[in-house]
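Residues per chain are reported as follows:
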Amino acid sequence: MNQVLHPPSAEAELLSTSQSLLRQRLVLVEDLWQAVLQKECGQKLVDRLNHLRATRADDGQSIYFSPSEISALIETLSLEDAIRAARAFALYFQLINSVEQHYEQREQQQFRRNLAAASDTESDSQSVYTEIAPTQAGTFDWLFPHLKRQNMPPQTIQRLLDQLDIRLVFTAHPTEIVRHTIRNKQRRIAGILRQLDQTEEGVKHTGTAESWEIENIKQQLTEEIRLWWRTDELHQFKPQVLDEVDYALHYFEEVLFDTLPELSVRLQQALKASFSSLKPPATNFCNFGSWVGGDRDGNPSVTPDVTWKTACYQRGLVLERYVASVDSLSDVLSLSLHWSNVLPDLLDSLEQEQNIFPDIYETLAIRYRQEPYRLKLAYIKQRLENTLDRNRRLANMPAWENKVEAADDTVYLCGQDFLADLKLIRESLVQTEIHCAALDKLICQVEIFGFVLTRLDFRQESTRHSDAIAEIVDYLGVLPKSYNDLSDQEKTDWLVQELKTRRPLIPKEMQFSEKTVETIQTLQVLRRLQQEFGIGICQTYIISMTNEVSDVLEVLLLAQEAGLYDPVTGTTTIRIAPLFETVDDLRNAPEIMQALFDIPLYRACLAGGYGSSQDLNCDETFGDRLMPDLQEIMLGYSDSNKDSGFLSSNWEIHKAQKNLQQVADPYGIDLRIFHGRGGSVGRGGGPAYAAILAQPPNTINGRIKITEQGEVLASKYSLPDLALYHLESVSTAVIQSSLLASGFDDIQPWNRIMEDLSQRSRAAYRALIYEDPDFIDFFMSVTPIPEISQLQISSRPARRKKGNKDLSSLRAIPWVFSWTQSRFLVPAWYGVGTALQGFFEQDPVENLKLMRYFYSKWPFFRMVISKVEMTLSKVDLQMASHYVHELAEREDIPRFEKLLDQISQEYKLTKKLILEITENEALLDSDRPLQRSVQLRNATIVPLGFLQVSLLKRLRQYTRETQASIVHFRYSKEELLRGALLTINGIAAGMRNTG
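Because the structure is predicted, anything quoted here is derived from the model rather than measured. (Residues numbered from 1 in each chain as written. Predicted model: local features only at pLDDT ≥ 70, side-chain atom pairs only at ≥ 80, totals over all residues. Heavy atoms only, no water.)

Points about the overall build of the protein chain
Keep this limit in mind: Note on conventions: DSSP H or I runs of at least 4 residues are helices, E runs of at least 2 residues are strands, and numbering of each starts at the N terminus. Any two residues having at least one pair of non-hydrogen atoms within 4.5 Å are treated as being in contact. What sets the accessible areas is the Shrake-Rupley method with a 1.4 Å probe; for residues, cover comes only from the shown protein chains.
Looking only at helices and strands, the protein chain features 39 helices and 11 strands. The long-range fraction of contacts in the protein chain, counting pairs at least 24 apart against all pairs at least 6 apart in sequence, stands at 83%. On the protein chain, roughly 38,300 Å² of surface is accessible, and the fraction owed to carbon and sulfur atoms is 49%.

So this is what it looks like as structure tokens:
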């Protein structure tokens, strides 16, 4: 076997004894990967792959190669061979991702066992915490004993548990458009690895030297890899919104539906062990939302009809799972009246069901005459199936039509009715001293998912609402001048007056533009959804690019027109959540919210909570706790980072949270901060546990909402135990941060230092991104942004507005995506080095000591430095230089080299100062498992980068020659784009952060 395929010796030193099995599996999978390629593609291609992999050093960053030699090798590859090579490396990353995820799951299981064993005595528990806190704290079994040792008053814990509300919101992402077929193969790989572990452990215990079973399992693994190689990993069509809905909800169907009840059980057991008198939170304390099918900001494909079909799809999926669960439950609950008593209430319900479902009674009465639970479950199943049939009919008609018969007693109107039937069965069982775990789990699932599976958030850009109102008002002629010509104060005054009247503003016959009609219909379909599905289906309406007070009131006025706000009672069934994105918006947010809270009408709207309209299907089981005086505010990490750079963005968001809380407190208003984090560091991504602990004190209070970007869903939710650990660590962090927040955020001298660092970093970042006249040309030439914008990998356009080619209209995902693909990763670190150097120059010795103290004591500062450190470890400036010299036009290279040199100098400075603060010799020395993983991946991303550059050159040459009417290309543009997409997906899989 060619030695280059195995982890280099430097990596071996990084692997602790506990990770030796992981190392063995990585070697095994690499060997099998090469064997499959040799059989499928021949030795010649394998030799080329080996040669390409040999172009890097042990750390995976420094590339030992002659650029002209490697480029020549790549250029000699036919498109077919280039695609094979790209597929081979992409498959490699997918395989090692599967292996790492499997053993991450294994490590978490082992960690829980060790923690449970060590917590038998308080002293042992304390020593375990000291050892594992930096990387492993984040379980309920650690949290509640720790709170007890800290003498946390039980009543304080109870108040927090009563309001605990954690919501994780799935979003779509272009790199997550992976076929279900591929995901299923990933799970089969994990299953085979689990089988291999168990067999090898069995062989050890029996003392057998060899086992035919082990070889048989390795053969299964080989065949699975061969089948994967022969499977097309890409769809042949541009994904539609409903395709993205299907991809996102796949995780609910395969993992989360069964995992979330276990999360509730874990919390209850851990709480009881330390605080037996406390009441656990509601079973749905951790719940999910989704933007997929509801987020229409800049995505014309998300129409009212698509949103309607999305809601029907969600309900259909969860109903199918309930039908299967009831079927299984019927096998379990075979109790006979001969041997078990039944509550009279259950028998009474059977008599009522007999009249509703006479056919079922005629069919099953004899078979189940002595088995009342089975008969009851038969009625339940029929009602679920009828509900499912009605849902299918609704899904196949526009939201505006209501030709389907009204719900009657043969269907379930909402999850609350289904839940009542299940609880009746449980009550009868409990009264006869029978406990059924399967029934308890199903009840928990209904309490969590209801009949809607996940909440749909709506989002739209602020000018869509102002433009719609302007067109309506101008059409009616109710103002002396155009609405858009009014000042914000004039708009606010008029909106407040209009919100006090019950007179309709919008004519029944809407003679308006298509955009205005769609904006009006969006609120109308939201109302229609609440009528059909209950208010739990959609409650949050997010306004992106919120700049003024009127932006919020405009939505409230449109909501009033749709019947979502009642001016007489001051109640509403939606929450309007302003999204503050740019640095200026974050700074202005407290003033805007103060002005809103000062408006009596808006304040009354918050205080009123939700109204109880008779035509709403109010499924309180899945409602939003109907909490009055709760304001949701979303903070955007992506655009603030694009606007100001990583350090400044994080500090401005940190400040905004504190200032918003100070504004809300005097009014008695609770805030729920919605963190719009991306998957990559450049968009706010990173470990959730550390990020939550780094929040300002008194700003969480048991409530948080966080986006889960499509690009990270597979790494968090593809395996049950990984998903469970992630959810447990997030929940632990929310409780821990709410109860044990440090006071370091309130030290004013520290805040002044961070403000200084933020301003220095922002200035350096903007000098490069926005002030250098060559930068736009540089970005468009040396990154794959033009091609990413063309690829059919998302339903959403790359830019907010057509025609604009400036950075302001470019979305944050393709912005960060492009820098990641070309290995610059500029948005996640640029400017940090300059900021730190300026501070150190004031007093080198003392200020370095201070930064080290910040790093050791202040969670916010440690989080920032750790993210920068991780990002720097993935930067490869030699590869980035290859993009510059190969993709830029010859006449542009001199001016682009100046920018490359500037970026290189900032990288070296940032790396040097980060290492001085962390007191490490190399990046990630304090997190060896992550260091090993990054280095292993960096090594194989290098040849994928070469392949990508080659394909991008061919694509651009194709475009130039086509425009010049020189058409003699061997390959079509579609074939070249397909090859580019394979390299994009491969690099994304290898980096494990993309856009």
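After presenting the structure, the write-up continues.
A word on the sheet that holds strand S10 (residues 670-676)
Convention followed: The pairing criterion is simple: DSSP has to find at least two bridges between the two strands.
Pairing in this open sheet of 9 strands is parallel, and the strands run S3-S2-S1-S11-S10-S9-S8-S5-S4 from one edge to the other. Each end of this open sheet is capped by a strand with a single partner; those strands are strand S3 (455-456) and strand S4 (458-461). Of the strand pairs in this sheet, strand S8 (residues 575-580) and strand S9 (residues 630-636) are connected by 2 bridges, and their pairing is parallel. If you follow Phe580 over to S9, its bridge partner there is Leu635.

Focus: a nonpolar patch on the surface
Operational definition: Exposure above 30% relative accessible area and no salt bridge define the residues that can form patches, which grow by joining like charges within 9 Å and nonpolar side chains of Val, Leu, Ile, Met, Phe, Trp and Tyr within 5 Å. Here, a salt bridge means any Lys or Arg side-chain nitrogen found within 4 Å of an Asp or Glu carboxyl oxygen. With a 1.4 Å probe rolled over the protein chains alone, any residue whose accessible area is under 20% of its type maximum counts as buried; one over 50% counts as exposed, and the rest are partly exposed.
On the surface, a cluster of nonpolar side chains totalling about 260 Å² of accessible area is made up of Tyr475, Leu476 and Val478. The topology assignment puts Leu476 in helix H18 (residues 462-476). Residue class for Leu476 comes out partly exposed when judged on its relative accessible area of 34%.

Some words on the pairing of S4
Going residue by residue along S4, you find Phe458 and Gln460 tucked away on one face and Arg459 and Glu461 tucked away on the opposite face as well. Sheet analysis places S4 next to strand S5 (residues 540-544), joined by 4 bridges and oriented parallel. Bridging from a neighbouring strand, Phe458 pairs with Tyr541 of S5.

As for helix H22 (residues 583-597)
Using the following cut-off: Given a helix with a known number of residues, its expected span is that number minus one, times 1.5 Å. Bend, in this description, refers to the angle at a residue between axes fitted to the seven residues ending there and the seven starting there.
Helix length check: H22 (15 residues) gives 22 Å between terminal C-alpha atoms against 21 Å at 1.5 Å per residue, within 8%. Of all the bends in H22, the largest measures some 45° and sits at Ala589, one to four residues before the proline Pro590. Listing the buried residues of H22 in full gives Val583, Asp585, Leu586, Ala589, Pro590, Ile592, Met593, Leu596 and Phe597.

Observations concerning the confidence of the model for the protein chain
Heads up, the condition is: Every residue gets a pLDDT, meaning the predictor's confidence in that residue, from 0 to 100.
Mean pLDDT over the protein chain: 86, with 86% of residues reaching 70 or higher. Here residues 120-136 scores under 50 on pLDDT; set against residues more than four positions off or in separate chains, the count is 18 contacts. Contacts of residues 611-623 to residues separated by more than four positions or lying in other chains number 39 contacts, the stretch itself having pLDDT below 50.

Thoughts on the environment of Ala365
Position of Ala365 relative to the elements: it lies in the loop between helix H14 (358-364) and helix H15 (372-395). Spatially, the C-alpha atoms of Ala365 and Leu375 are 7.5 Å apart, while their sequence positions differ by 10 residues.

Examining the packing of helix H30 (residues 775-782) against helix H37 (residues 893-918)
Put simply, the test is: Lines fitted to C-alpha atoms define the axes here, with helix axes fitted over just the stretch in contact, and angles between the N-to-C directions of these axes take values from 0 to 180 degrees. Any angle between 65 and 115 degrees counts as roughly perpendicular, while under 35 counts as roughly parallel, over 145 as roughly antiparallel, and the rest as oblique. For this classification, Asp, Glu, Lys and Arg are treated as charged, while Ala, Val, Leu, Ile, Met, Phe, Trp, Tyr, Cys and Pro are nonpolar and the rest, including Gly, are polar.
Relative orientation of the contacting elements H30 and H37 amounts to 90°, with a least axis distance of 10 Å. Classified by the angle between their axes, H30 and H37 sit roughly perpendicular to one another. Residues Phe775, Asp777, Phe778, Ser781 and Val782 of H30 pack against Arg895, Phe896, Leu899, Leu900 and Ile903 of H37. Its residues assigned to classes, the contact of H30 with H37 shows 7 nonpolar, 1 polar and 2 charged.

So, the environment of Asp772
We count it as follows: Here a polar contact is taken to be a pair of N or O atoms separated by no more than 3.5 Å, where protein atoms must pair a possible hydrogen donor with a possible acceptor and residues adjacent in sequence count only if both atoms sit in side chains.
Assignment of secondary structure puts Asp772 in the loop between helix H29 (748-769) and H30. Placed 127 residues apart in sequence, Asp772 and Leu899 show a C-alpha to C-alpha distance of 8.9 Å. Non-local contacts of Asp772, meaning those with residues more than four positions away in its chain, are made with Ala767, Leu899 and Gln902. A distance of 2.9 Å separates a polar atom in the side chain of Asp772 from the backbone nitrogen of Asp774.

Quick notes on the nonpolar core
If you look at soluble globular proteins, the nonpolar side chains tend to sit buried side by side. The condition that has to hold: The definition of a nonpolar core used throughout is a set of buried Ala, Val, Leu, Ile, Met, Phe, Trp, Tyr and Cys residues joined through side-chain atoms within 4.5 Å.
Counting residues in each nonpolar core, the largest one holds 125 residues, and the members touching the most others are Leu757, Phe778, Trp815, Phe824, Met851 and Phe861. In terms of residue count, helix H5 (residues 79-118) provides more of this core than any other element does, 14 residues in total. Excluding its chain neighbours within four sequence positions, the residues that come into contact with Phe824 are Phe778, Val782, Trp819, Trp829, Val875, Leu877, Ala880, Val884, Leu900 and Ile903. By size, the runner-up hydrophobic cluster in this structure holds 84 residues, among which are Leu143, Leu267, Tyr412 and Ala688.

Things to note about helix H21 (residues 549-561)
Here H21 is 13 residues long and its end C-alpha atoms lie 19 Å apart, about the 18 Å a rise of 1.5 Å per residue gives. Buried residues dominate H21, accounting for 12 of its 13 residues. Those residues of H21 that fall on the buried side of the exposure criterion are Val549, Ser550, Asp551, Val552, Leu553, Glu554, Val555, Leu556, Leu557, Leu558, Ala559 and Gln560. A positive backbone phi angle near 85° is found at Gly563, which sits one or two residues after H21.

A short note on the side chain of Glu532
If you trace the backbone, Glu532 turns up in helix H20 (residues 514-533). Only 2.9 Å separates the side chain of Glu532 from the side chain of Arg315, close enough to count as a polar contact.

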